[in-house]
Amino acid sequence: MKTVAFFDTKPYDKESFERYKSEDINIRFFENKLNADTVSMAACCDAVCAFVNDSIDSYVLEQLEKFGVGLITMRCAGYNNVDLKAARGRVKIARVPAYSPYAVAEHSMGMILLLNRKLHRAYIRTRDHNFSLEGLTGFDLYGKTVGIIGTGKIGRSFADICRGFGMNILGFDPYPTDEFCGKYVSLDELLSQSDIISLHCPLTKENLHLINNETIEKMKKGVFIINTSRGKLIDTQALINGLKSGRVGAAGLDVYEEETELFFEDFSEEIIKDDTLSTLISMPNVIVTSHQAFLTREALDAIAQTTIKNLEDYFSGSELENEVVI
Ligand code: NAI
């Protein structure tokens, strides 16, 4: 029997892994995030399963190697929180490359509809028996231009949804594909022509703060910015400047630069010390969701199935199909 330490788990993780568990694998569920302080919890384990906000730095990797942990399998597609250089030759990294692009794409469109038609405000108003329509005017999505940065699985699924709304679809991706239903343009063209810009690329060293003061300056006045990818793609202070000046008309953020210590946890009884996040949340034209775009039953089932397969492949010595090549 092999033992695997699952970090940063929530009740919904336990439910889905319970459905797809393997007889040969003993899962130890921990609520703690994996980091330098908690890595010792993986001692005596054969593998580790981690998530988006775990800090898998060189120290953590060194410790895991010492404990004999040979695999970290991520319960997500992204692996920007893993020091890949330090992992090389020490610990194998695997991931779930795709679980439900529809879940994330649909959440992105959900945020656009909510922000444009001000559903978040209408919901609160009618609960207070305020039936005024003042300030709730939106615009037709039909005929508007959406710019999609990153036309991989999620970006293409989002493009298909936008096509259903009759939108003009622009895309920017260093690796264009015929499967994208829109028109490829340069990044500058996308920035200057789009009414809505949605980010669907991974976070890399090269695109850190892709959305910054300079790129926001190139955008149409009143542009909507949607980010369901990774928080650090946006320089948050630049976004706030854009929102304050009116250059940015609205922002839908499922991810946030400094989300690690906050997202997925309940701080409703506490004072949040992150003034930047508080400023964003206070704005009527901003919606923040706490990295929930993936959270559908179908996605959780697919994550559990692929993660168990990754572990079985590794323990049986089969080819690790979902290994991150480093
Ligand atoms: P994918 O690998 O299928 O597609 C990513 C695309 O981005 C590729 O076509 C790639 O060529 C392109 N790309 C890379 N660098 C770029 C750049 N600088 N500018 C424009 N395009 C660039 O990945 P997938 O499955 O579509 O996921 C996209 C991202 O969504 C993930 O990397 C992850 O950060 C995020 N994500 C967020 C979730 C959430 O719950 N909020 C859940 C799942 C993924």
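Every value quoted in this text rests on a predicted model; they were computed, and no experiment measured them. Each chain has its residues counted from 1, following the order in which its sequence is written. Given that the model is predicted, a residue must reach a pLDDT of at least 70 before its local features are reported, and side-chain atom pairs must reach 80 or more before they are shown or counted; all residues, however, enter totals for whole chains, interfaces and linings. Side-chain measures were taken over the full set of non-hydrogen atoms in the model, leaving aside hydrogen atoms and water.

Novice: Give a detailed account of helix α4 (residues 101–117), specifying residues and quantitative values.
Specialist: Put simply, DSSP marks the helices as runs of H or I at least four residues long and the strands as runs of E at least two long, and each gets a number from the N terminus on. Multiplying 1.5 Å by the helix residue count minus one yields the expected span of that helix. For α4, with 17 residues, the first-to-last C-alpha span of 24 Å sits near the 24 Å given by 1.5 Å per residue. For every residue, the accessible area (1.4 Å probe, protein chains only) is compared with the maximum for its type, and the residue is labelled buried under 20%, exposed over 50%, or partly exposed between those bounds. Where α4 is concerned, the buried positions are Pro101, Ala103, Val104, Ala105, His107, Ser108, Met109, Met111, Ile112, Leu115 and Asn116. Where α4 terminates, the next one or two residues include lysine 118, which has phi positive at roughly 55°.

Novice: Can you lay out the pairing of strand β6 (residues 145–149) for me, pointing to particular residues and giving the numbers?
Specialist: Counting buried residues along β6, five of its five residues qualify, which places the element largely inside the surrounding structure. Direction of pairing for β6 relative to strand β7 (residues 168–172): parallel, over a ladder of five bridges. By the bridge assignment for β7, glycine 147 is matched with leucine 170. Assignment of crossover handedness uses the view with strands pointing away from the viewer, where a clockwise path from the first strand over the helix to the second indicates a right-handed crossover. Handedness of the crossover joining β6 and β7 through helix α6 (residues 153–164) is recorded here as right-handed. Pairing geometry for β6 and strand β9 (residues 196–199), over four bridges, is parallel. A pair of strands is considered paired only if DSSP assigns at least 2 bridges between the two.

Novice: Let's hear about the site of the ligand: which residues, and what values?
Specialist: Inspection of the region around the ligand gives 23 residues, with Tyr99, Lys153, Ile154, Asp173 and Thr228 positioned closest. At 2.8 Å, a side-chain N or O of lysine 153 approaches an oxygen atom of the ligand. In the environment of the ligand, a nitrogen atom lies 3.4 Å from a nitrogen or oxygen atom belonging to the side chain of asparagine 207. When the residues that make up the shell around the ligand are grouped by side-chain class, the tally is eleven nonpolar, eight polar and four charged. In these notes, residues near a molecule or strand are those with any non-hydrogen atom within 4 Å of it. The term polar contact refers here to a pair of N or O atoms within 3.5 Å; inside protein, the definition further demands a hydrogen-donor-capable atom paired with an acceptor-capable atom, and it admits residues adjacent in sequence only when both atoms are side-chain atoms. Gly is put with the polar residues, along with every residue not named as nonpolar or charged; the nonpolar set is Ala, Val, Leu, Ile, Met, Phe, Trp, Tyr, Cys and Pro, and the charged set is Asp, Glu, Lys and Arg.

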